[in-house]
Amino acid sequence: MSISNAQATPSIQICRIMRPDDANIVGNVHGGTILKMIEEAGCIIGTRHCNSQTGDRCVAALARVERTDFLYPMFIGEVAHVSAEITYTSKNSVEVQVNVLSENIVTGTKKLTNKATLWYVPLSLQNVDKIIEVPPIEYSSPEQEEAGKKRYEAQKLERTETKERNGEIIMSVSLPDRQTKEPYTVAFSQSSLIHLVGPSDCTLHGFVHGGVTMKLMDEVAGIVAARHCKTNIVTASVDAINFHRKIKKGCVITVSGRMTFTSNKSMEIEVFVDADPLVEAEKGKYRAVTAFFTYISLDKENKPLPVPPLKLEGEEEQKRFEEGKARYLQNKAKRLTDKERQQ
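Residues numbered from 1 in each chain as written. Predicted model: local features only at pLDDT ≥ 70, side-chain atom pairs only at ≥ 80, totals over all residues. Heavy atoms only, no water.

- As named in an unreviewed UniProt entry, the protein chain is palmitoyl-CoA hydrolase, taken from Carassius auratus.
- UniProt lists a comment for the protein chain under the heading Subcellular location (unreviewed entry), and it reads "Cytoplasm". (UniProt positions renumbered as here; feature names shortened; annotations may be inferred.)

This is how it looks when you write it as structure tokens:
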């Protein structure tokens, strides 16, 4: 890990070789593994920066991950270079930009595989409900600071809207008897994973690392996609992940996923995390995290395959499908705009 002490733009880099347990059965590194590395880098730089001043010691807690695209697949044996840089600070939050490069150490080839933006909030080690004031960074120009402020306001509004939309209602996804369900329906592929939160999953506060949660979410989304396609599948992108509430050590979390939309070459899976505090059962279950994952189906040569159309049952599934289609078309238009801007 290399460290830069430049006050204006604090940055770090983490390198790690990809091992067999980081990948699926055909050697593609799990999207969740990459998301976990991205979050670790963000947590390190965010925590270091927020402790660069006198006063309460703190840990940077993940509040949100903006949409993240997986530009190229990563494979077993390649080295992941994860670089993180603080690009904006508000009074109580830190924006971290993260880039991931894959390096083939045999040929020397390097590729940019991921770009991500994460938002952190510093929480006091003495009182987890106390948010620490963030030391400001220096900007190269007033325009850079203004652009950061606009991103901050936009994500703040989006987080509020998402939290209100999800509310406190627990929408359980039961494991169906798949023999009675028709293939390519939502009920056939929907899946859940139950996990007891242990010490190794947690920060110094005793709350779950954001990267651990994202890895579990990616695993469930991958199971849903594989059950639908019955082929090799890989993460193509993740829409904004919103962390609504903290998850404490000792909680049982249920990570649930269901198919919401399919295009010809991609599928959208809604994933949500519900926490059940066993020790403090009187507090009841609550919705902790939500996100949409997009997957693609690949053949043995890692080339895209057509995705079987989703068979819809009922008005609620039709509504979710139309909402997913709107997100798909919006993201597609944004990609085309970004591509034209780069030319």
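So, next bit.
### Looking at the nonpolar core
- Counting 73 residues, the largest nonpolar core has Ile 247, Val 255, Met 267, Ile 269 and Phe 293 as its most contacted members.
- Top contributing element to this core by residue count: helix α4 (residues 210-229), with 9 residues.
- Built from parts of two domains, this core gets at least three residues from each of domain 1 (11-138) and domain 2 (175-341).
- Beyond its immediate stretch of four places on either side in the chain, Val 255 contacts Ser 191, Ser 192, Leu 193, Leu 216, Met 217, Val 220, Val 271, Phe 272 and Val 273.
- In this structure, Ala 63, Val 121, Leu 123 and Val 128 belong to the second largest nonpolar core, which totals 5 residues. (Core = buried A, V, L, I, M, F, W, Y, C linked by side-chain atoms within 4.5 Å. Buried < 20%, exposed > 50% of the residue type's maximum accessible area, 1.4 Å probe, protein only. Helix = DSSP H or I, 4+ residues; strand = E, 2+ residues; numbered from the N terminus. Domains from an automatic or database assignment. Contact = heavy atoms within 4.5 Å.)

### Some thoughts on the pattern of salt bridges
- What the rule picks out here adds up to 14 salt bridges.
- Ionic pairing is found between Asp 56 and Lys 130, a salt bridge with its closest N-O pair at 2.7 Å. Of this pair, Asp 56 sits in the loop between α1 (31-50) and β3 (58-65) while Lys 130 sits in the loop between β7 (110-124) and α2 (142-166), placing them 74 residues apart in sequence.
- Residue Asp 56 is classed as partly exposed on the basis of its relative accessible area of 31%. (Salt bridge = Lys/Arg side-chain N within 4 Å of Asp/Glu carboxyl O.)

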